[in-house]
Amino acid sequence: MAKYERHREFEVQLLTYDGTQHLRLHGWLKRNDVLIKSETIHNSDETFGRFFIFINNIMLEQLKEENMERGLFCDIDVMNTENERWNIIKKLDEENDERENLLDKIQDFMFSFQIKDKDDIENFLKRANETSLTLFKQSREFIDDYVQTKELTYKDKIKDIDLMIEAFVEEERYEDCALLVGVKEDIKEYYKLKKQL
């Protein structure tokens, strides 16, 4: 019987400075099966988004190395102790107080990932789809970043969009489906042009 080697896990906060970097990081985390506790898009002057993740020490080192080569994030906080976690939360509260006047203009998307049963997974996927759709509606630049990112393959992008379309068809949200079909066509067109070059 093989012996399982345990690895220490950390809670880590990662900040991104723009939509492209946020997509690159999200793709890396997804490809490497890193558990995302929460993801927030706030698009302030200093940063674009924030991830809280759970990651073991081996994957954390790989993430740091990838960041040196590909620029996956602009800031990292590793929370080793409860005291460090509390300091980061206090820092977030202070940042929120500073931006209190802007809160009406900035739309936050945050979701937590806590799996207890099948319903939790469905709720998570529904919120993830809503977040992606809102970002697509919010900015043409985000759509372009999604279409052109190298973090997801052509097949992964098409599958992702198809799953979102399927979910919104079930809810009879046909205008949202039309937007997603447009994104899907943009992906196909981008890769078609890429092959011609």
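Heads up: the structure comes first, above all this text.
Residues numbered from 1 in each chain as written. Predicted model: local features only at pLDDT ≥ 70, side-chain atom pairs only at ≥ 80, totals over all residues. Heavy atoms only, no water.

### Remarks on the overall build of the protein
Stated precisely, the cut-off is as follows: Only DSSP runs of H or I reaching four residues or more are called helices, and only runs of E reaching two or more are called strands; each is numbered from the N terminus. Note on exposure labels: buried denotes an accessible area under 20% of the residue type's maximum, exposed denotes more than 50%, and partly exposed covers the range between, all computed with a 1.4 Å probe on protein chains only. Only heavy atoms matter for contacts: two residues are in contact if any of them lie within 4.5 Å across the pair. Note on areas: Shrake-Rupley with a 1.4 Å probe; residue coverage comes only from the protein chains shown.
If you tally the helices and strands in the protein, you get seven helices and five strands. Element order for the protein, N to C, with α for helix and β for strand: β-α-β-β-α-β-α-β-α-α-α-α. Taking all 197 residues of the protein together, 38% fall into the buried category. Pairs at least 24 residues apart make up 69% of the contacts formed inside the protein by residues separated by at least 6 positions. Carbon together with sulfur atoms contributes 49% to the accessible area of the protein, which is approximately 12,900 Å² in total.

### Re unusual backbone geometry
Of note in this structure, Asp33 is not a glycine but carries a positive phi near 55 degrees. Take Asp33: it is sitting in the loop between helix H1 (19-31) and strand E2 (35-41). The class of Asp33 is exposed, set by a relative accessible area of 70%. In this model, Glu172 sits at a positive phi of 60 degrees, which is unusual for a non-glycine residue. By the secondary structure assignment, Glu172 is in the loop between helix H6 (154-170) and helix H7 (174-196).

### Some remarks on the packing of aromatic side chains
To keep things clear, this is the line we draw: For Phe, Tyr and Trp, rings pair up if their centres lie within 6.5 Å, where Trp contributes its six-membered ring, and each pair is then called stacked (planes under 30 degrees apart), edge-to-face (over 60) or tilted (otherwise).
Here the structure, examined in full by the defined rule, presents four aromatic pairs. When the centroid spacing of 5.0 Å and the interplanar angle of 70 degrees are considered together, the rings of Tyr154 and Tyr191 count as edge-to-face. With Tyr154 in helix H6 and Tyr191 in helix H7, the pair connects residues that are 37 residues apart, well separated along the chain. Among the residues examined, Tyr154 registers a relative accessible area of 33% and is labelled partly exposed. With a centroid separation of 5.3 Å and an interplanar angle of 90 degrees, the aromatic rings of Tyr190 and Tyr191 are classed as edge-to-face. Under the relative-accessibility criterion, Tyr190 is labelled partly exposed at 23%. Put simply, the rings of Phe136, Phe142 and Tyr146 pair up and form one aromatic cluster.

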